[in-house]
Amino acid sequence: MQLSNFHQQLFDNYSRYYESRVKYRRFKHQDLVVLLDKFKKNNILSNSITGKSYQKRDIYLLKAGTGKTKILLWSQMHGDEATATMALLDIFNFLTANDELNTFREKILSETTVYFVPMLNPDGAEPFERRTAQCIDMNRDALQLQTPEAKLLKQLQHDLKPDFGFNLHDQNTHYTAGATRNPATITFLAPPIDAQNTINDVRKRAIQLIVQLNQHIQTFIPNQVGRWSDEYEPRAFGENMQKWGTSTILVESGGYPNDPEKQFIRKLNFIVLLDAFYQIATQSYQNEKLEPYTSIPPNEKRLFDLLIKNVKVKDSVVDIGIIHNETTVGSSFYYSGQIYDWGDLSVFYGYEELDGQKLQVKEGKLYPQKLSVIDDVARLPIAELLQQGYLAVQIDQITPEQRTTHTLPIHIISAKEDFNSKIGEGKEANFFLTENGKIRYAVVNGFLHKVEP
Ligand SMILES: [Zn+2]
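Residues numbered from 1 in each chain as written. Predicted model: local features only at pLDDT ≥ 70, side-chain atom pairs only at ≥ 80, totals over all residues. Heavy atoms only, no water.

Peer 1: Looking at this structure, how should I read the overall build of the protein?
Peer 2: Along the protein, the regular secondary structure elements total 13 helices and 21 strands. Against the 2.2 N^0.38 benchmark of 22 Å for 453 residues, the protein shows a C-alpha radius of gyration of 24 Å, consistent with a compact globule. For the protein, the C-alpha atoms occupy an extent of roughly 70 × 50 × 45 Å along the three principal directions. In the protein, which comprises 453 residues, the proportion classed as buried is 56%. (Helix = DSSP H or I, 4+ residues; strand = E, 2+ residues; numbered from the N terminus. Rg over C-alpha atoms; globule rule 2.2 N^0.38 Å. Buried < 20%, exposed > 50% of the residue type's maximum accessible area, 1.4 Å probe, protein only.)

Peer 1: Looking at this structure, how should I read the UniProt feature "active site" (unreviewed entry) in the protein?
Peer 2: The UniProt entry lists Glu233 under the feature "active site" (unreviewed entry), expressed in the numbering used here. Position of Glu233 relative to the elements: it lies in the loop between β8 (225-227) and α8 (237-243). Beyond its immediate sequence surroundings of up to four residues, Glu233 is in contact with Arg140 and Glu239. (UniProt positions renumbered as here; feature names shortened; annotations may be inferred. Contact = heavy atoms within 4.5 Å.)

Peer 1: Help me out: how do you make sense of the sheet that holds strand β18 (residues 411-414) in this one?
Peer 2: Backbone-to-backbone hydrogen bonds pair the strands of a sheet. The strands run either parallel or antiparallel. The three strands are arranged β16-β17-β18 in an open sheet whose pairing can be described as parallel. Sheet topology places β16 (365-366) and β18 at the edges, where each strand pairs with a single neighbour. By the bridge criterion, two bridges tie β16 to strand β17 (residues 390-395) in an arrangement that is parallel. By the bridge assignment for β17, Leu366 is matched with Ala392. (Pairing = 2+ DSSP bridges.)

Peer 1: Even after reading the chapter, I still don't get the pairing of strand β12 (residues 316-329), so can you show me in this structure?
Peer 2: Residues in a regular strand point their side chains to alternate faces of the sheet. Note that strand β11 (residues 303-313) and β12 share six bridges and pair antiparallel. Residue pairing across strands places Leu307 opposite Gly321, the latter belonging to β12. Hairpin connection from β11 to β12: two residues lie between these consecutive antiparallel strands, with Lys314 at a positive phi of about 50 degrees. The pairing of β12 with strand β13 (residues 332-343) spans eleven bridges and is classified as antiparallel. Considered in β13, the bridge of Asn325 is made with Ser336. Hairpin geometry of β12 and β13 is characterised by an intervening segment of two residues between the two adjacent antiparallel strands and by a positive phi of about 60 degrees at Gly330.

Peer 1: Help me out: how do you make sense of the pattern of salt bridges in this one?
Peer 2: Side chains that carry opposite charge are capable of pairing whenever their charged atoms lie near each other. Per the stated rule, a full pass over the model turns up 24 salt bridges. Between Arg130 and Glu81 there is a salt bridge, and its shortest N-O distance comes to 3.4 Å. On the criterion of sequence distance, the pair formed by Arg130 in the loop between α5 (122-125) and α6 (148-160) and Glu81 in the loop between β3 (69-75) and α3 (83-95) is long-range, its members being 49 residues apart. By relative accessible area, Glu81 is classed as buried at 7%. For Asp90, the salt bridge is made with Arg266, and the minimal N-O distance between the two is 2.7 Å. (Salt bridge = Lys/Arg side-chain N within 4 Å of Asp/Glu carboxyl O.)

Peer 1: Just checking my understanding: could you explain the sheet that holds strand β4 (residues 112-117) for this structure?
Peer 2: Taken in spatial order, the eight strands make up an open sheet running β1-β2-β4-β3-β5-β9-β7-β8, and their pairing is mixed. Pairing within the sheet leaves two strands with one partner each, and these edge strands are β1 (45-52) and β8. Across this sheet, the average inter-strand angle for adjacent strands is 20 degrees, counted without regard to direction. On top of the sheet, helix α2 (residues 29-36) reaches β1 and β2 (58-64); it is set at about 35 degrees to β2, its chief contact. Strand contacts of helix α7 (residues 201-217): β5 (164-170), β7 (186-189), β8 and β9 (247-253), with the helix running at about 35 degrees to β9, the strand carrying the most contacts. (Axes fitted to C-alpha atoms, helices over the stretch in contact; angles between N-to-C directions.)

Peer 1: Help me understand the UniProt feature "domain: Peptidase M14" (unreviewed entry) in the protein, please; the structure alone is not making it clear to me.
Peer 2: Listed under "domain: Peptidase M14" (unreviewed entry) in the UniProt record, and renumbered for this structure, are residues 25-268. Secondary structure within residues 25-268 divides into 32% helix and 21% strand; the distance between the first and last C-alpha atoms comes to 15 Å.

Peer 1: What is the right way to look at the nonpolar core in this model?
Peer 2: What tends to happen in soluble globular proteins is that the nonpolar side chains get buried as a cluster. Ranked by size, the top nonpolar core spans 70 residues in total, and within it Leu73, Phe116, Phe166, Phe188, Leu274 and Phe277 carry the most contacts. Examining the composition of this core, we find that twelve residues originate from one element, helix α9 (residues 263-282), more than from any other. Counting residues in hydrophobic clusters, the runner-up holds 23 residues, among them Tyr367, Val377, Phe419 and Val444. (Core = buried A, V, L, I, M, F, W, Y, C linked by side-chain atoms within 4.5 Å.)

Peer 1: Got a minute to help me understand unusual backbone geometry in this structure?
Peer 2: If a residue is not glycine, its phi is most likely negative; likewise, a peptide bond is most likely trans. At Cys135, a position not held by glycine, the phi torsion is positive, near 65 degrees. Here Cys135 shows up in the loop between α5 and α6. A relative accessible area of 55% means that Cys135 is categorised as exposed. Residue Lys161 is not a glycine yet carries a positive backbone phi of 50 degrees. Here Lys161 is to be found in the loop between α6 and β5.

Peer 1: Even after reading the chapter, I still don't get the environment of Arg57, so can you show me in this structure?
Peer 2: Mapped onto the elements of the fold, Arg57 is located in the loop between β1 and β2. Measuring from C-alpha to C-alpha, the distance between Arg57 and His29 comes to 7.9 Å, with 28 residues separating the pair along the chain. In this structure, Arg57 is in contact with His29, Gly51, Lys52, Pro122, Asp123 and Glu126, ignoring residues within four places of it in sequence. One polar contact links Arg57 to Gln55, side chain to side chain, over a distance of 2.8 Å. (Polar contact = N/O pair within 3.5 Å; in protein donor to acceptor, adjacent residues only side chain to side chain.)

Peer 1: Could you clarify how one ought to interpret the coordination of the zinc ion in this entry?
Peer 2: For a metal with four tetrahedral donors the ideal donor-metal-donor angle is 109.5 degrees, whereas six octahedral donors ideally subtend 90 or 180 degrees. Protein-derived coordination of the zinc ion comes from His78 (ND1), Glu81 (OE), Glu81 (OE) and His169 (ND1), at a distance range of 2.0 to 2.6 Å. Relative to the metal, the four donor atoms surrounding the zinc ion lie at angles of 55 to 151 degrees, and the coordination shape comes out irregular. Sequence spacing of the donor residues for the zinc ion, all on one chain, is H-x2-E-x87-H. Linking His78 in the loop between β3 and α3 with His169 in strand β5, this pair joins segments that are 91 residues apart in sequence. Each member of the pair, His78 as well as His169, carries the same accessibility label: buried. (Donors = N, O, S within 2.8 Å, 3.2 Å for Na, K, Ca; no water. Tetrahedral: all angles 85-135°; square planar, octahedral: opposite > 155°, others 65-115°.)

Peer 1: Explain the packing of aromatic side chains here, please?
Peer 2: The way to describe two aromatic rings as a pair is by their centre distance and the angle between their planes. Evaluated as defined, the whole model comprises 22 aromatic pairs. Here Phe6 and Phe104 contribute two aromatic rings whose centre-to-centre distance is 4.3 Å and whose plane-to-plane angle is 15 degrees, an arrangement assigned as stacked. You can see Phe6 sitting in helix α1 (residues 6-12) and its partner Phe104 sitting in helix α4 (residues 102-111), a full 98 residues away along the chain. We classify Phe6 as buried; its relative accessible area is 1%. Here the aromatic rings of Tyr17 and Phe94 are separated by 5.0 Å at their centres, their planes lie at 75 degrees, and the arrangement is edge-to-face. (Phe/Tyr/Trp six-rings, centres within 6.5 Å; stacked < 30°, edge-to-face > 60°.)

As structure tokens, then:
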């Protein structure tokens, strides 16, 4: 077996370790507890409760390996950033497996001791919100320590004195790797220790490791890796961990086309983190120069979910940039399409793009008859309604889940809501695109549908 291409082998064999009981980002603390249960009596991965959240949910600490180099990872300090937590579950499966990757596994477990805190903010994960139950962003609480979650993380750093730290987050899916159309699917940062961007030995190790991780993960996402701003944030954990002596790496999970639940990005996290453990175990990162780190393009925000270019609106020609906002309902969510920007958007890109050279924007109408349930809509001749200029239907009984799951090319709202047909920056993304007076496309809640004549 070739020892140099661990990342490739992780990529090829990932399905073996994939924890299939969690597939959606909005899983809850209780789902995690059930999955961690199987590692209670494991002799490779020990599992203990290390603290409690503000609302008294257990926060777990898992430990693997017996080596002298210590690594601490924490995920989901922002409750709505769950991608890395899913990857940690896969990593637990990898570490406790017994197969032809044992050479790598044993090297990691003999040279390093890895500590994991999956879902550091379980109270935020419950409603799928960024902040803790005290409404505090715990990544701005590293100094004041007003939250039990921040106190716990600081205490762990103090007690364990990890050599390396991994601060695992999700970022906006509209970030790009530099001024390009490539989403920043993974973004790295070696957080700064001061406003002067000083590189001491602690931060240097983090930078050297990022250089290797970036090189390896680019195999699977070429030109889709970004570098987070190194503007100094004195209240954040990344900065303070680095100052407290732990070489810290921020890993942000961004966007990837057609991956709304971030399952491919979860796989990339799995590879990045295990690759990191192995590079730390073999100390191979120590040969890296620092320059390639600054060559990683900085994060920019150049992507919309849908970008419609060059359409006529009354007396002007504009581009329309649309994003899909998520509203959480229990373990599910629905999208609200919003016109985020309007005008000359020639420096931006879209996950989906339409060149509207010959197209004109037209307002849609509300279907005059109210319906009682969603099944009634499916019985309507929707194609005909669209051609007649109807874009929205009111329904007496609609659950938030139905908004999420229906795929009908017509905007469905409750009978209590008004349909606002106005088109412009900040408005809901519901309108038609016509060609020579005929309706060619419907933009319904931010999604593009072709209207067949
Ligand atoms: Zn975050």
